[in-house]
Amino acid sequence: MKEKPNDHPHIGLAVFSAGVMALALAAGLSFLGLMGKVDGLLEGLLAPQSMAAPAKSLGPIALWGGSALLAFLLPAVILNVPGLWRRMVVWSLTFALTLAWGPVLLLAAHKPEIGVALVAVLWSGFCAMFYTTNHVLPVDKPQSKDHGAS
């Protein structure tokens, strides 16, 4: 990919856009009632048959606050890490760690309502990865060895 002389990536704007789009998608899916189905599916997959159904629910502040944190921090990290494989590892490990909160919540007698967070991680990571394919980021530019001293 060629770099234009005045082509400077806008990392902050890309992070903000990816986070807002991920939260908007999660809010839209929640409004349509699909997040309840995703959370029910996760509960069915993660909860053992012998375990009683969890009675407690996560508060909306904790759920949406944590999802917002993930939606903005993940693209910030992805856009500041050099190399495609490293970015993919960061994205996939973030998804795996977010998914791993499901059993933790079940053990704490909470419903595993992590669908919103999973959507936020998937979509913000996708947006950040898409941005990296269309822009030359400062971390990907070769660093010059000459520091001006002679």
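See the structure above.
Since this is a predicted model, take the numbers as computed values, not measurements.

1. As for the overall build of the protein
Per the secondary structure count, the protein includes six helices and zero strands. Shown N-terminal to C-terminal, the secondary structure of the protein runs as helices and strands in the order α-α-α-α-α-α. A compact globule built from 150 residues would reach a C-alpha radius of gyration of about 15 Å, whereas the protein, at 19 Å, exceeds it by more than 25%. Along the first, second and third principal axes, the C-alpha atoms of the protein reach 70 × 30 × 25 Å. Counting across all 150 residues of the protein, residues that qualify as buried make up 32%.

2. Re the nonpolar core
Of all hydrophobic cores here, the largest spans twelve residues; its members are Ile 11, Ala 14, Val 15, Leu 74, Ile 78, Leu 79, Trp 91, Val 121, Ala 128, Met 129, Tyr 131 and Leu 137. In terms of residue count, the dominant contributor to this core is helix H6 (residues 115-134) (four residues). With sequence-adjacent residues up to four places away left out, Leu 79 is seen in contact with Ile 11, Ala 14, Val 15, Ala 128, Tyr 131, Thr 132, Leu 137 and Val 139. The next biggest cluster of nonpolar side chains, apart from the first, holds five residues, and it includes Ala 26, Met 35, Leu 63 and Val 119.

3. Thoughts on the packing of aromatic side chains
This structure, assessed with the given rule, holds three aromatic pairs. The structure contains a cluster of three or more aromatic residues connected by ring pairs, namely Trp 123, Phe 126 and Phe 130.

4. A closer look at the packing of helix H3 (residues 60-78) against helix H4 (residues 84-99)
One way to put it is that H3 packs onto H4 with a least axis distance of 9 Å and a crossing angle of 155 degrees. Judged by the inter-axis angle, H3 sits roughly antiparallel to H4. Both H3 and H4 take part in a crossing whose hand is right-handed. Seen from H3, the contacting residues are Leu 70, Leu 74, Val 77 and Ile 78; seen from H4, they are Arg 87, Val 90, Trp 91, Thr 94 and Thr 98.

5. Here we look at unusual backbone geometry
Even without glycine at this site, Ala 109 takes up a positive phi of about 65 degrees. Following the sequence through the fold, Ala 109 ends up in the loop between helix H5 (101-107) and H6.

Each value, and the rule that gives it
- Residues numbered from 1 in each chain as written.
- Predicted model: local features only at pLDDT ≥ 70, side-chain atom pairs only at ≥ 80, totals over all residues.
- Heavy atoms only, no water.
- Helix = DSSP H or I, 4+ residues; strand = E, 2+ residues; numbered from the N terminus.
- Rg over C-alpha atoms; globule rule 2.2 N^0.38 Å.
- Buried < 20%, exposed > 50% of the residue type's maximum accessible area, 1.4 Å probe, protein only.
- Core = buried A, V, L, I, M, F, W, Y, C linked by side-chain atoms within 4.5 Å.
- Contact = heavy atoms within 4.5 Å.
- Phe/Tyr/Trp six-rings, centres within 6.5 Å; stacked < 30°, edge-to-face > 60°.
- Axes fitted to C-alpha atoms, helices over the stretch in contact; angles between N-to-C directions.
- Parallel < 35°, antiparallel > 145°, perpendicular 65-115°, else oblique.
- Left-handed = near helix turned anticlockwise from the far one by under 90°.

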